[in-house]
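Reading the structure
The residues making up each chain are set out below.
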Amino acid sequence: MSLENPQRYTVTAALIYANGPIHIGHIAGCYLPADIYVRYLRATGKDVAFISGTDEHGVPITIRAQKEGITPQEVVDKYYGQIKRSFEEFGISFDIYSRTSKPIHHETSREFFLNLYNSGNFTEEITEQYYDETARQFLADRYIIGVCPVCANENAYGDQCERCGSTLSPTELKEPLRSMLSGSKPVLKATKNWYLPLDRMQPRIEEYVNSHPEWKTNVMGQCQSWLKEGLRPRAMTRDLDWGIKVPLPDTEGKVLYVWFDAPIGYISMTKEWAEQQGRDWELYWRDKDTKLVHFIGKDNIVFHCIIFPAMLMHENNYILADNVPANEFMNLEGDKISTSRNWAVWLHEYLNELPGKQDVLRYVLAANAPETKDSEFTWKDFQTRNNSELVGVFGNFVNRAMVLTQKFCEGKVPPKGSLTELDRAVLDELAQFPDRIGQAIEQYRFREALAYLLDLARLGNKYLAETEPWKVAKTDPLRVNTILNLALQISANLSIVCEPFMPFTAEKLRKLLNTANITPEDATGTAFHWINAGKADLLPDGHALGEAVLLFEKLEDDLINQQIAKLHEAKRMNELATKTVPEAKPVIQYDDFAKMDIRIGTIVEAERVPKSDKLLKLKVDDGTGQRQILSGIAKHFEPEKLIGTQVTFLANLAPRKMMGLESQGMILMAEDRDGSLSLISPDKAVWNGGTVS
Ligand SMILES: [Zn+2]
């Protein structure tokens, strides 16, 4: 059962590894739905703590450090700053965005561990783990390389084969195994770690999960499948040198498992926030009237629905998550989003390349969020939704209401006259929208909520189309007043209910409507807050509107094609990166080489061979005269640009006829990784006919 009428909310969004920038998949999966939810709660006057930050421990950080040739600390410092800035610019309204490297987090995690240890809630187990004797450390799965048992890839990792995508464990890898650290062969060595005996806790966890039949089916499905398989003890410490040291004697080289300390980050970050605010953090984690909601992606379900609750249960006085509305994944242009393959739309690049368009991306990602199954982002869909929904429906309605008011009512809100049946029906419907949108948000159905929002703009468009104020103006100006009053009240309502989804647009719309000058009549000071949404008197009669500017701009093909081209270029670069140098040819003797007469000459004439898209006809000055050489390089070089260039050519190649022309030699070329060709020219001018040896 979900908590009814909570006194306050603790809302968390996944702690992302600080080992790379964020992309649209992260945003659609977790941060945007969380932000919509929190903005709605705040708008309805709720007490909320919105908590998130970066996860700065764990193997992914050390891997990144090794790749970039910097320290793990440098990695997390670099990405924490970048991620935090991107979120801010994008309008994700965290109350705190912190990091797990803070002392308060280390302290809180150690305390948590020691409590569990001292109350006898851990078991100690000795297991055999792979160890690198040269680097003198145990190896995380990712650091062990061997042969993939599925596709025979010789460079498969101990946790995954990147070639065939199989999930692996180090013991499944075929020989020869080697350590990524030193290249030496890892050996098995005994080590002691502390385990959370989830098997013993299964009944309590089952009871907890089953008490929430309202959870999303994708979340419930994963939980039930784990429970059905039977929970097993899980190690809460690791042999690693990066992370929070295990707070027990004789545990050199051991740290807390990253999935032990990361969720505790929600608590330590709440503490940090509460301290800044002069609030009591315990209310947000220990009061049974607090509703705790974790927003995450589907890959983190087990940690938030089973392992973290199990940790909290032992502490007795913590509340457990009321809901974990995890999303599925978002794909991109027909392929899985991948950081390592650079197949992504990166938020910091989007913000740079499409400035001022935060709300377009927020709208498209929310409209297409992977709420119940994987979804897909394409740039064409982005363009269509912007042009036909934001510009064509939302922006068009507001603009018509504004422009007609400028034209017929001197830019001031006209008074309502008597209402027709149609007017009353429209006002009745208007009154229902805030609840309709709010309820969908409260049930984590953000796509549906957003569709209702657009329906409200459609209602406005339909009303104007049916009442035709531009025609009525000639005969009945009082009627026009009523129509435009209603249209403006609908616009004012849009500025309230669009705020959780599109905060930048809400602000812009309020400027258009000049709402800063409206003093609320009641004492709440909340004329433009959700509490008053649905009302038809938000804008008083005679109120002067601001300037009518467009809320949204049409996106042209050029811009969209640039983004698509950029993605395809990333894909091409990736494919090139996997290319290897061609295999060596068999050994030859010096005499074989000496037979070749390689010389320097200058190209004096160059033209295309008619009817051939490959061949160029070149005249080369070889020091004794000019010789004709045909070369299959027409796709790589403009003939005019070759004239005057010194090149290397094979002078004693037997003459050959091509397209009826004789070729007396061969120009030498270097082929690059991507297949492009490059001339071999001397690094200073050499006399024509000079030999190469
Ligand atoms: Zn494989």
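The rules we used
- Residues numbered from 1 in each chain as written.
- Predicted model: local features only at pLDDT ≥ 70, side-chain atom pairs only at ≥ 80, totals over all residues.
- Heavy atoms only, no water.
- Helix = DSSP H or I, 4+ residues; strand = E, 2+ residues; numbered from the N terminus.
- Buried < 20%, exposed > 50% of the residue type's maximum accessible area, 1.4 Å probe, protein only.
- Lys, Arg positive; Asp, Glu negative; His and termini not counted.
- Charge placed at Lys NZ, Arg CZ, Asp CG, Glu CD.
- Core = buried A, V, L, I, M, F, W, Y, C linked by side-chain atoms within 4.5 Å.
- Donors = N, O, S within 2.8 Å, 3.2 Å for Na, K, Ca; no water.
- Tetrahedral: all angles 85-135°; square planar, octahedral: opposite > 155°, others 65-115°.
- Expected span 1.5 Å × (residues − 1).
- Bend = angle between axes of the 7 residues up to and from the residue.
- Pairing = 2+ DSSP bridges.
- Axes fitted to C-alpha atoms, helices over the stretch in contact; angles between N-to-C directions.
- Parallel < 35°, antiparallel > 145°, perpendicular 65-115°, else oblique.
- Left-handed = near helix turned anticlockwise from the far one by under 90°.
- Contact = heavy atoms within 4.5 Å.
- Nonpolar A, V, L, I, M, F, W, Y, C, P; charged D, E, K, R; others polar.
- Polar contact = N/O pair within 3.5 Å; in protein donor to acceptor, adjacent residues only side chain to side chain.
- Patch = residues over 30% accessible without salt bridge, like charges linked within 9 Å, V, L, I, M, F, W, Y side chains within 5 Å.
- Areas by Shrake-Rupley, 256 points an atom, 1.4 Å probe, with all protein chains shown as cover.
- Salt bridge = Lys/Arg side-chain N within 4 Å of Asp/Glu carboxyl O.

Before going further, it helps to examine the overall build of the protein chain. Secondary structure assignment for the protein chain yields 20 helices and 27 strands. Classification of the 693 residues of the protein chain by burial places 52% in the buried group. Counting 79 positive and 95 negative side-chain charges, the protein chain places the averaged centre of each group 4 Å from the other.

The next subject is the nonpolar core. Membership of the largest hydrophobic core comes to 172 residues, with the highest contact counts inside it found for Tyr37, Ile205, Phe260, Phe377, Trp379, Phe382 and Phe394. It is helix 1 (residues 24–43) that provides the largest number of residues to this core, a total of 13 residues.

Another point: the coordination of the zinc ion. Coordination of the zinc ion by the protein comes from Cys148 (SG), Cys151 (SG), Cys161 (SG) and Cys164 (SG), over a distance range of 2.2 to 2.3 Å. Between the 4 donor atoms coordinating the zinc ion, the angles at the centre fall across 106 to 114°, so the site counts as tetrahedral. Along the chain, the residues donating to the zinc ion are arranged with the sequence spacing C-x2-C-x9-C-x2-C. Judged by relative accessible area, Cys161 falls into the buried class, the value being 0%.

This part covers helix 7 (residues 258–277). With 20 residues, helix 7 should reach 28 Å at 1.5 Å per residue; the first-to-last C-alpha distance of 28 Å fits that figure. A maximum bend of about 35° is found in helix 7 at Gly265. With 17 of 20 residues buried, helix 7 is to be regarded as a mostly interior element. Two residues or fewer after helix 7 comes Gly278, characterised by a positive phi angle close to 65°.

Our next topic: the sheet that holds strand 8 (residues 156–157). In spatial order, the strands read 8-7-9; together these 3 strands make up an open sheet with antiparallel pairing. The sheet is open, and its two borders are formed by strand 8 and strand 9 (174–179), each paired with just one other strand. Both strand 7 (residues 144–147) and strand 8 contribute to a ladder of 2 bridges, which runs antiparallel. Counterpart to Gly146 in the pairing with strand 8 is Ala156.

Helices that pack against each other are described as a pair by the angle of their axes relative to one another and the distance between those axes. Interhelical geometry of helix 1 versus helix 13 (residues 421–442) gives an angle of 130° and a closest axis separation of 10 Å. Judged on the interaxial angle alone, helix 13 and helix 1 are oblique. Once helix 1 is placed against helix 13, the crossing between them reads as left-handed. Side by side, helix 1 and helix 13 meet where Ile36, Tyr37 and Tyr40 of the first sit next to Gly438, Ile441 and Glu442 of the second. In terms of residue class, the contact of helix 1 with helix 13 is made up of 4 nonpolar, 1 polar and 1 charged.

A few words now on the side chain of Arg39. Structurally, Arg39 can be placed in helix 1. Looking at Arg39, its side chain comes within polar contact range of the side chain of Glu499, at 2.8 Å. Ignoring any residue separated from it by four or fewer positions in sequence, one finds Arg39 in contact with Gly91, Ser93, Arg362, Glu499, Pro500 and Pro503.

As a further point, take a nonpolar patch on the surface. There is a patch of nonpolar side chains on the surface, built from Ile588, Tyr590, Phe593 and Met596 and spanning about 410 Å² of accessible area. Looking at the element boundaries, Ile588 is found in the loop between helix 18 (557–577) and helix 19 (590–594). A relative accessible area of 52% means that Ile588 is categorised as exposed.

Should their charged atoms come close, side chains of opposite charge can pair. Tallying each qualifying case throughout the model produces 37 salt bridges. Of the charged contacts, one joins Glu282 and Arg286 as a salt bridge, the two residues approaching to 2.6 Å between their closest N and O atoms. Of this pair, Glu282 and Arg286 both sit in helix 8 (residues 281–286), 4 residues apart, which is roughly one turn of that helix. On the basis of relative accessibility, which here comes to 27%, the residue Arg286 falls in the partly exposed class.

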